[in-house]
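Okay, here's what each chain looks like letter by letter:
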Amino acid sequence: KGENSIVDDSAKKMRESIAIERAQQKKAAEFFEEASEDPALGAAEKPHVLYMLGEIARRCGEKEKAIAWYDKALAMAPSDEFKKLVEAQKALTK
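The numbering scheme is per chain: residues are counted from 1 as the chain's sequence reads. Given that this is a predicted model, residues contribute local features only at a pLDDT of at least 70 and side-chain atom pairs are listed and counted only at 80 or more, while totals for whole chains, interfaces and linings are drawn from all residues. Heavy atoms throughout the structure, all of them, feed into the side-chain values; hydrogens and water do not.

Looking at the packing of aromatic side chains
The condition is simple: For Phe, Tyr and Trp, rings pair up if their centres lie within 6.5 Å, where Trp contributes its six-membered ring, and each pair is then called stacked (planes under 30 degrees apart), edge-to-face (over 60) or tilted (otherwise). Each helix is a run of H or I in the DSSP string that is no shorter than four residues. Each strand is a run of E no shorter than two, and both are numbered from the N terminus. A simple rule labels every residue: compare its accessible area, found with a 1.4 Å probe on the protein chains alone, to the largest value its type can have, and call it buried under 20%, exposed over 50%, or partly exposed in between. In this analysis the charged atom, NZ for Lys or CZ for Arg, is taken to sit over a ring once it is within 6 Å of the ring centre and within 35 degrees of the ring normal.
Counting across every chain of the model gives 2 aromatic pairs. Ring plane angle 40° and centroid distance 6.1 Å describe the contact between tyrosine 51 and tyrosine 70, whose orientation is recorded as tilted. Here tyrosine 51 is found in helix 2 (residues 46-59), whereas its partner tyrosine 70 is found in helix 3 (residues 63-75), with 19 residues between them in sequence. Taken as a pair, tyrosine 51 and tyrosine 70 share a single burial class, namely buried. Relative to phenylalanine 82, the ring of tyrosine 51 has its centre 6.0 Å away and its plane inclined at 70°; by these criteria the two rings are edge-to-face. Of the two residues, tyrosine 51 sits in helix 2 while phenylalanine 82 sits in helix 4 (residues 80-91), which places them 31 residues apart along the sequence. Under the relative-accessibility criterion, phenylalanine 82 is labelled buried at 7%. Among the aromatic residues, those joined into a ring-pair cluster are Tyr51, Tyr70 and Phe82. One residue, lysine 72, lies across the ring of tryptophan 69, its end atom 4.7 Å from the ring centre.

See below:
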């Protein structure tokens, strides 16, 4: 192996890890989206589920989707503290 083999191996492992994490995040998004549409979901929990959908979309690089979820969460924000959190995370999409 060449002098960069350790770096190359580490980079390969990191790319594989990121791919696994993205797949898991997309699977989680499916569950959160299903939960967001469930009529049994309480009004107190819904903005948090919408926020998590925004977070997952942002972390997966889906900026427009993240903004849409964050906006939905903001429209139902149960407190100023929650609103500040959502706004701060939404700002990271820019």
